[in-house]
Amino acid sequence: MKGRGALLAVAALALACSSDGPAAPSAPWDAEVRLSEARDLSPDPAVVEVSLEAKVTLHEVVAGTKTPLWTYDGGLPGPLIRARVGDRVIVHFRNSLPAATTVHWHGVRVPAAMDGAPGHSQPPVEPGGEFTYDFVARDAGLFWYHPHVDSAAQVGFGLYGPLLVEARDEPPGLGDELVLVLSDLSVRDDGSIVPPQAGGNLGTIFGREGDTLLVNGRRAPTVRARAGQRLRLRLVNAAKARYFQLALAGHAFTRIGGDGGLLAAPVESDTLVLAPGERADALLVPRGAPGETLIVRWTPYDRGYGTTFNRPDEPLFRVALDDAPAIATPALPALGRAIEPLEPSGATPRAMTLTQTEVDGVVQMGIDGVPSWLAPPLSAHVGDTELVTVTNSTDFAHPFHLHGFFFQVLDETGAPRAPLEWKDTVSVPVRGSTRLVVRYDDRPGDWMFHCHILDHADAGMMGVLSLSSR
Ligand code: C2O
Ligand code: CU
Ligand code: CU
């Protein structure tokens, strides 16, 4: 595949420069992964007001060709929107795509009317149309935005971007921060995007992974760092089907946060696993000889039949160590968060099974055997606490995602998984089941839930929870 080596010519050029040793002093350490940021149009410090346009933009993904990516504001990924807890976020969205779309704020506790769920919270925004999203950022964490119409196709064409909500009392001294949007893309040698239905039924069942890994839209970019100096990685998996399992030889990660902000306590791990839709907040202290380049790799994660077979590790991004000697790593500040466990014993039980069938030769995914377009909404009331058992009857893992509410995942014994954390997406293992506890706060409306392998969601593994006031 000659095209793949030539991906993102700009990134390749930048790589060529930094491989000659320490780069020009003028280039910032994170130049190759720096995201463009949405410009705040509001003078009010408590309001973040931005405009966001979805449009087709030509990118030179394969050298000498033009790929028509679907982008937010022309970038891959879309611009980083930054807010602080309590800020009002106003997004003036304009659809300049040739198809209808919406913007969904994944993980954000928005009012139902701002959730971007077509046919539920709003009609789709037609080409040339506009919609203003307006909500308060109530929780600290890394969130993301993406369309919710033909999601597998539209996300696969490049529509996704990060939303970072900082706490008012963000713990200081956690290191140099990088927001990294992980994704993938399949482009043919002539620059055209592999069509969203490629591979037919097998493509749907497996989930269509792009063959080129991207970090902030770049292929294997390099950041520069000083040995011993801690990095804080804010990661989101925006790929439509691919799981990311990150590993760096000789190093461990300290995961301090997940989907819904900080964990109750940090946890060490050799790898970081992010199912589609999930986020991680992780610390990494790079170590090595001066001038050495470390390679953080994507490694295959077993999410079911054939998902690890014959798949090599691939470089995801590089950390090029300065020529200077290592510094003594500053002490880690005390980290911890009081998270109240949701009590499963009094919770209303609910059970659902993720299913796969075939109808007239076409694979159909569903919940309890019913595809989303035939499923009646589930109902619940504001204030309810539910213990939801999600059972997976298929040969592939499914990242189960609930809009609008965080939940806590239980372990086999029925206690909350340690360390306690708030999640909105959790991988339900092959032929296994996952129990989670959720409490519905006072935001009535229709809330979607679905597998975040978007090929599965579009094939029917999706449903709606209709939440009513008491
Ligand atoms: Cu990222 Cu319906 O979700
Ligand atoms: Cu969502
Ligand atoms: Cu799935």
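The numbers attached to residues start from 1 for each chain and follow its sequence in the written order. Chain A is the first chain written and ligand 1 is the first ligand written, with later ones labelled in order. Under the rules for a predicted model, residues below a pLDDT of 70 receive no local features and side-chain atom pairs below 80 are neither given nor counted, while totals for whole chains, interfaces and linings still include all residues. Excluding hydrogens and water, the side-chain values take into account all heavy atoms of the structure.

## Structural notes on the domain arrangement of the chain
Partitioning the chain into structural domains gives domain 1 (2-166), domain 2 (176-321) and domain 3 (348-468). Note on contacts: a residue pair qualifies if any of its non-hydrogen atoms lie within 4.5 Å across the two residues. With 22 residues of domain 1 at the interface, the matching set in domain 3 holds 20 residues. Together domain 1 and domain 3 conceal approximately 1,600 Å² of surface at their shared face, both sides included; 63% is due to carbon and sulfur atoms. The three residues of domain 1 that bury the most area against domain 3 are His106, Arg109 and His120, which together make up 30% of that side's buried surface. For every domain, the bounds stem from an assignment made automatically or drawn from a database. Summed over both partners, buried area is the accessible surface (1.4 Å probe) that two parts give up on being assembled.

## Thoughts on the sheet that holds strand β5 (residues 104-106)
Two strands form a pair only when DSSP identifies at least two bridges running between them. Counting from the N terminus, the helices are the DSSP runs of H or I reaching at least four residues and the strands are the DSSP runs of E reaching at least two. Read across the open sheet, the four strands follow the order β3-β8-β7-β5; overall the sheet is mixed. Edge strands, defined here as strands with exactly one partner in the open sheet, are β3 (81-84) and β5. Direction aside, neighbouring strands of the sheet carry axes that sit 25 degrees apart on average. As judged from the three bridges shared by β5 and strand β7 (residues 141-146), these two strands associate in the antiparallel manner. Bridge pairing in β7 links His106 to Trp144. Axis angles are defined between N-to-C directions and span 0 to 180 degrees, where every axis is a line fitted to C-alpha atoms and, for a helix, only to the segment in contact.

## Points about the coordination of the copper ion (ligand 3)
For the copper ion (ligand 3), the full set of protein donor atoms is His398 (ND1), Cys451 (SG) and His456 (ND1), and the range of their distances to it is 2.0 to 2.1 Å. Donor residues for the copper ion (ligand 3) sit on one chain with the sequence pattern H-x52-C-x4-H. A simple rule labels every residue: compare its accessible area, found with a 1.4 Å probe on the protein chains alone, to the largest value its type can have, and call it buried under 20%, exposed over 50%, or partly exposed in between. On the basis of relative accessibility, which here comes to 0%, the residue His456 falls in the buried class. Distances decide who is a donor: an N, O or S atom must be within 2.8 Å of the metal, or within 3.2 Å for Na, K and Ca. Water is not included, so sites may look incomplete.

## Some points on the pattern of salt bridges
The working definition used for a salt bridge is a side-chain nitrogen of Lys or Arg within 4 Å of a carboxyl oxygen of Asp or Glu. Following the criterion strictly, the structure yields 30 salt bridges and no others. Here Glu209 ties to Arg311 by a salt bridge, and the two come within 2.6 Å at their closest N and O atoms. With Glu209 in the loop between α4 (200-206) and β10 (212-215) and Arg311 in the loop between β18 (293-298) and β19 (314-321), this residue pair connects regions lying 102 residues apart in the sequence. What makes Glu209 buried here is its relative accessible area of 17%. Close ionic contact of Arg232 with Asp281 constitutes a salt bridge, the shortest N to O distance being 2.7 Å.

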